[in-house]
Amino acid sequence: MWRPSTSGESAGKQRAAVWADGSLALGPLGPLDEPAKQRLSRAVSPVSRALRRLGAQRDVGKDEFESVGLNRHRTNKDWIADAC
């Protein structure tokens, strides 16, 4: 999965794509790929759609991003510190 990011990025600015077996399987997705009324919902964000394509399932009251634990840290520095 490819997901470019900037700090503090909202669901309305996300981008994502998924490759499988060397071919593009989904996307690239961006904010204009969703109906306007759903664009800011994390449940239908490009990242959530990409995670779904990879097999992630939502827990009750959470989106795919939260359900797989990606919300634990917001920076690479924090992920590295947690791994050490």
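Cut-offs and rules
- Residues numbered from 1 in each chain as written.
- Predicted model: local features only at pLDDT ≥ 70, side-chain atom pairs only at ≥ 80, totals over all residues.
- Heavy atoms only, no water.
- Helix = DSSP H or I, 4+ residues; strand = E, 2+ residues; numbered from the N terminus.
- Contact = heavy atoms within 4.5 Å.
- Areas by Shrake-Rupley, 256 points an atom, 1.4 Å probe, with all protein chains shown as cover.
- Core = buried A, V, L, I, M, F, W, Y, C linked by side-chain atoms within 4.5 Å.
- Buried < 20%, exposed > 50% of the residue type's maximum accessible area, 1.4 Å probe, protein only.
- Polar contact = N/O pair within 3.5 Å; in protein donor to acceptor, adjacent residues only side chain to side chain.
- Pairing = 2+ DSSP bridges.

> Looking at this structure, I do not really get the overall build of the protein. What am I missing?
For the protein, the count of helices and strands is 3 helices and 2 strands. Reading the helices (α) and strands (β) of the protein from amino to carboxyl end gives β-β-α-α-α. Of all intrachain contacts in the protein linking residues separated by at least 6 positions in sequence, the fraction that spans at least 24 positions is 29%. In the form shown here, the protein has an accessible surface area of approximately 5800 Å², with 50% of it arising from carbon and sulfur atoms.

> Whenever I open this one, the nonpolar core confuses me. Can you help?
Counting 9 residues, the largest nonpolar core is built from Ala16, Val18, Leu26, Leu29, Val47, Ala50, Leu51, Ala56 and Phe65. Of all the secondary structure elements, the ones that give two or more residues to this core are β1 (16-20), β2 (23-29) and α1 (46-53). Of the residues forming this core, the biggest block, 3 residues, is contributed by α1.

> Sorry if this is basic, but what is going on with the side chain of Asp63 here?
For Asp63, the position within the fold is in the loop between α1 and α2 (64-67). By relative accessible area, which is 5% here, Asp63 ends up buried. At 3.2 Å, the side chain of Asp63 forms a polar contact with the backbone nitrogen of Phe65.

> Explain α1 here, please?
Because an α-helix packs 3.6 residues into every turn, residues spaced three or four apart end up facing the same way. Of the residues making up α1, those classed as buried are Pro46, Val47, Ser48, Ala50 and Leu51. Those residues of α1 that are buried lie in contact with β1, β2 and α2.

> Would you mind showing me how to read the environment of Ser48 here?
Structurally, the position occupied by Ser48 is in helix α1. For Ser48, a relative accessible area of 1% translates into the label buried.

> Is there a simple way to think about the pairing of β1 in this case?
Two faces, one strand: in a regular strand the side chains alternate between the faces of the sheet. With 4 bridges joining them, β1 and β2 adopt antiparallel strand pairing. Note that in β2 the partner of Ala20 across the bridge is Ser23. Turn length for the β1-β2 hairpin, with the two strands adjacent in sequence and antiparallel, is 2 residues, and the turn residue Asp21 shows positive phi of about 55°.

> I keep staring at the environment of Leu51 and nothing clicks. Help me out?
Position of Leu51 among the secondary structure elements: in helix α1. With a relative accessible area of 8%, Leu51 lands in the buried category. Between the C-alpha atom of Leu51 and that of Asp63, which follows or precedes it by 12 residues, the distance is 9.8 Å.

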